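Per-entry structural report
One letter stands for each residue in the lines below.
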Number of protein chains: 2
Amino acid sequence: MPVYQHNLKDKKIDFNTILDKVRVFAPATVANMICGFDILGFAVDEPGDEVKMYRVAEPGVRIRSIVGDGGRLPLGADRNTVSACVKMLLNDLGILQDIGVEIELIKHMPIGSGLGSSSASTVAGLFAINALLNNPLTKDELMPYCVEGERLACGHGHADNVAPALMGGITLVRGGADLDIVKIPVPKELYAGIVFPQVDVPTRDARQLIKEKVLLKDAVTQWGNIAGLVAGLFQEDYDLISRSMQDVIIEPSRAILIPEFYAMKEIALAHGALSFGISGSGPSVVAVSKGPEVAELVTTKIQDHLSANGIESFKYVSAVNVEGPKVLSFND
Amino acid sequence: MPVYQHNLKDKKIDFNTILDKVRVFAPATVANMICGFDILGFAVDEPGDEVKMYRVAEPGVRIRSIVGDGGRLPLGADRNTVSACVKMLLNDLGILQDIGVEIELIKHMPIGSGLGSSSASTVAGLFAINALLNNPLTKDELMPYCVEGERLACGHGHADNVAPALMGGITLVRGGADLDIVKIPVPKELYAGIVFPQVDVPTRDARQLIKEKVLLKDAVTQWGNIAGLVAGLFQEDYDLISRSMQDVIIEPSRAILIPEFYAMKEIALAHGALSFGISGSGPSVVAVSKGPEVAELVTTKIQDHLSANGIESFKYVSAVNVEGPKVLSFND
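Everything numeric here is computed off the predicted structure, so don't read it as measured data.

A few words on the pattern of salt bridges. Pairs can form between side chains of opposite charge whenever their charged atoms are close. All names here are of chain A. For the structure shown, the criterion picks out 30 salt bridges over all chains. Between Arg62 and Glu102 there is a salt bridge, with its nearest N and O atoms 3.2 Å apart. Remark: Glu102 occurs in strand 4 (residues 100–106) and Arg62 occurs in strand 3 (residues 60–67); sequence separation between them is 40 residues. Relative accessible area serves as the criterion here: at 23%, Arg62 is assigned to the partly exposed category. For Glu102, a relative accessible area of 16% puts it in the buried group. Several salt bridges converge on common partners, so that one network encompasses Glu58, Arg62, Arg64, Glu102 and Glu104.

What follows is the structure, encoded as structure tokens:
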């Protein structure tokens, strides 16, 4: 049963209430949440992407500039995911011919990091255009456009990054294309210690490593872990979360792409992380921790280890972001 | 991490407080809960097995009688699962040579029904001996003996029936042999409409039908459903429970053993059941329903259909049993 089906033609846009400009932040996301391949994910407070959006006189949607992408993202309005999604939304609202919009995209995280980089940009862009139009759409109504953005960016229209990026918190995506998105409660002390080693792991390659068939007994172990994780999150039972957050299906295939993965895992668990695994398709790794101190300690130790092995890295220590995207300013 | 590890030698049994007799009920159980193969299960108020246990002068454990098994269960104390588990427990307590126990087993459900028949008997027996001894063990401490009983009865030491039978309510069993058992909240209006068609499906045959490998994409669908079901149970969200309680892995293989399965499913869903599927390894089927009226209607319609096709059946309409086993009497 499709949960997201909307007819945007019914929306009346009042051109008198459209804003001049808006500046929006959307969070990075940790897809899979270690044991929930393709269904679970959570948003973090840091990093995240920003979109500045301006209403201009000349109709159409244009990218004004992109900062922080190292020149890798296309500037053409139909090829850039952010502008393409904004165009799609304006078209479905029936106002694409009537409004001029220019976009500045400020990327605060690298592309191909496994942190939902494209999702953060897409969600920021769609949240920005909705804010600029004085919020005619609910988040549920924005969601299909976010998923479409993922399809444009990755060739894979999945919601496991855009769902937490847009909804905030921890999300479950079930039912595949039906987009049945369920919010899962966030235990207060749940922190992510993220380390992004400076190596390149394209999502497509990471997907190709995954086997098409899995042993039923492994699948049973995995769904027991997923059920345990969901129960642990509802009950704020950090021990259960820790016992359950183990991936016996995907990690064994993908870890090979990430240098020092098992050494990092050993360090994380030895220093008190609840769990450690790959963020999305990597190469970023995440130490899910109880409290910021553990996340801080673990990421420091991991960076030391990587550095000793000649691998540069970034780190982020963050609570789970429960808000999703937000307007930073209407004047800047 | 094994959650159940106990040293029963430390328990001191006070022979002065041992009771003369006790009569115990333990509930039938619906293993798998449709989408959670080998990890989820719930207990029902009806049917269930009874054990009457008597302290006698002559040391040793003996089966006095078995009622309702059609003569299929062994009476020898080492071969009968109930007495064998009681002996094992008394041995671990170091008092097997010092106490005499006689058992009457009253079966209220058929063997091989898919309703956890052997589990109900085993749990009743172990709960009874614990009650007779004035409750020296917690349920957690009784659990490994219940699992051992399953191993004796089915050749498969799994907790998916004994966990809900002993703990009551809805249980998650994760971590395989580690016996990590998690109680999941029971929505107040959750009812089971169970129909047991009079056909024979041995558990071993039902297991053999299951494929050793499954498609990853099906496994992802399944674990999305399991996560949705657990979330739905915590949130008392009957729509989410209904959407999630679907089995794409096991049902397609096992349904073939159950005559009229898909016709029954159609009837159940057409008459308002939240979900319909196989109870354990069948042939019993279960219509999970909101409220007793729907469960009553659905099971009546299914029985009518089976009857029209020349298949006799039993039915049970029951709330989820949240208590587990209970003492019925100390005098009877």
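Let us look at the packing of aromatic side chains. How two aromatic rings sit relative to each other is given by the distance of their centres and the angle of their planes. All names here are of chain A. If you walk through the whole model with that rule in mind, you get seven aromatic pairs over all chains. Ring geometry for Phe196 and Phe314: centres 6.2 Å apart, planes at 20°, overall stacked. Highlighted residues: Phe196 in strand 7 (residues 190–197) and Phe314 in strand 11 (residues 313–319), separated in sequence by 118 residues. Judged by relative accessible area, Phe196 falls into the buried class, the value being 5%. Their ring planes at 45° and their centres at 5.4 Å tell us that Phe261 and Phe276 sit as a pair that is tilted. Taken together, the residues Phe261 in helix 9 (residues 261–270) and Phe276 in strand 9 (residues 275–278) connect sequence positions 15 residues apart. The buried category is assigned to Phe261, whose relative accessible area is 2%. One aromatic cluster is present, formed by Phe261, Tyr262 and Phe276 through successive ring pairs. For Lys326, the ring lying beneath its charged end belongs to Phe25, and the centroid distance is 6.0 Å.

As a further point, take a positive patch on the surface. The grouping of Lys211 and Lys213 of chain A together with Lys211 and Lys213 of chain B at the surface amounts to a positive patch. Note on placement: Lys211 of chain A falls in the loop between helix 5 (203–208) and strand 8 (213–215).

Right, let's talk about the interface of chain B and chain A for a bit. In this assembly, 37 residues from chain B lie in contact with 38 residues from chain A. In total, chain B and chain A occlude about 3,000 Å² of area from one another, counting both sides; carbon and sulfur atoms represent 74% of this. The interface formed by chain B and chain A contains two salt bridges. Ionic pairing is found between Asp180 of chain B and Arg243 of chain A, a salt bridge with its closest N-O pair at 2.5 Å. Counting only elements with at least two residues in the side of chain B that touches chain A, the list comes to strand 5 (170–174), strand 6 (180–184), strand 8 (213–215), helix 6 (216–235) and helix 7 (238–244) of chain B.

With that out of the way, let us pick up the sheet that holds strand 11 (residues 313–319) of chain B. Residue and element names in this part refer to chain B. Spatially, four strands are ordered 9-10-7-11 in an open sheet, and the strand pairing comes out antiparallel. Where the open sheet ends on each side, the last strands, each with one partner, are strand 9 (275–278) and strand 11. Within this sheet the neighbouring strands show an average axis-to-axis angle of 20°, counted without direction. Sheet topology note: the strand 7 (residues 190–197)/strand 10 (residues 285–290) ladder contains six bridges and is antiparallel. Bridging from a neighbouring strand, Leu190 pairs with Lys290 of strand 10. The strands touched by helix 9 (residues 261–270) within the sheet are strand 9 and strand 10, with strand 9 carrying the most contacts at an inclination of about 155°.

Okay, the UniProt feature "domain: GHMP kinase N-terminal" (unreviewed entry) in chain A next. When the UniProt feature table is mapped onto this chain numbering, "domain: GHMP kinase N-terminal" (unreviewed entry) sits at residues 80–169 of chain A. The span residues 80–169 of chain A carries 56% helix and 8% strand; its end-to-end C-alpha distance comes to 27 Å.

All names here are of chain A. By the assigned domains, chain A splits into domain 1 (8–183 + 321–329) and domain 2 (190–319). Its C-alpha centre places domain 1 at a distance of 26 Å from the equivalent point of domain 2. Domain 1 puts 29 residues into the contact, and the matching count from domain 2 is 35 residues. When domain 1 packs against domain 2, the two sides together hide about 2,400 Å² of surface, and 65% of this comes from carbon and sulfur. On the domain 1 side of the interface with domain 2, the three residues burying the most area are Ile34, Cys35 and Phe37, jointly 30% of the side's total. For the pair domain 1 and domain 2, the interface holds zero salt bridges.

So, how was this worked out
- Residues numbered from 1 in each chain as written.
- Chains lettered and ligands numbered in written order.
- Predicted model: local features only at pLDDT ≥ 70, side-chain atom pairs only at ≥ 80, totals over all residues.
- Heavy atoms only, no water.
- Salt bridge = Lys/Arg side-chain N within 4 Å of Asp/Glu carboxyl O.
- Helix = DSSP H or I, 4+ residues; strand = E, 2+ residues; numbered from the N terminus.
- Buried < 20%, exposed > 50% of the residue type's maximum accessible area, 1.4 Å probe, protein only.
- Phe/Tyr/Trp six-rings, centres within 6.5 Å; stacked < 30°, edge-to-face > 60°.
- Lys NZ or Arg CZ within 6 Å of the ring centre and 35° of its normal.
- Patch = residues over 30% accessible without salt bridge, like charges linked within 9 Å, V, L, I, M, F, W, Y side chains within 5 Å.
- Areas by Shrake-Rupley, 256 points an atom, 1.4 Å probe, with all protein chains shown as cover.
- Lys, Arg positive; Asp, Glu negative; His and termini not counted.
- Charge placed at Lys NZ, Arg CZ, Asp CG, Glu CD.
- Contact = heavy atoms within 4.5 Å.
- Buried area = accessible area lost by both parts, 1.4 Å probe.
- Pairing = 2+ DSSP bridges.
- Axes fitted to C-alpha atoms, helices over the stretch in contact; angles between N-to-C directions.
- UniProt positions renumbered as here; feature names shortened; annotations may be inferred.
- Domains from an automatic or database assignment.

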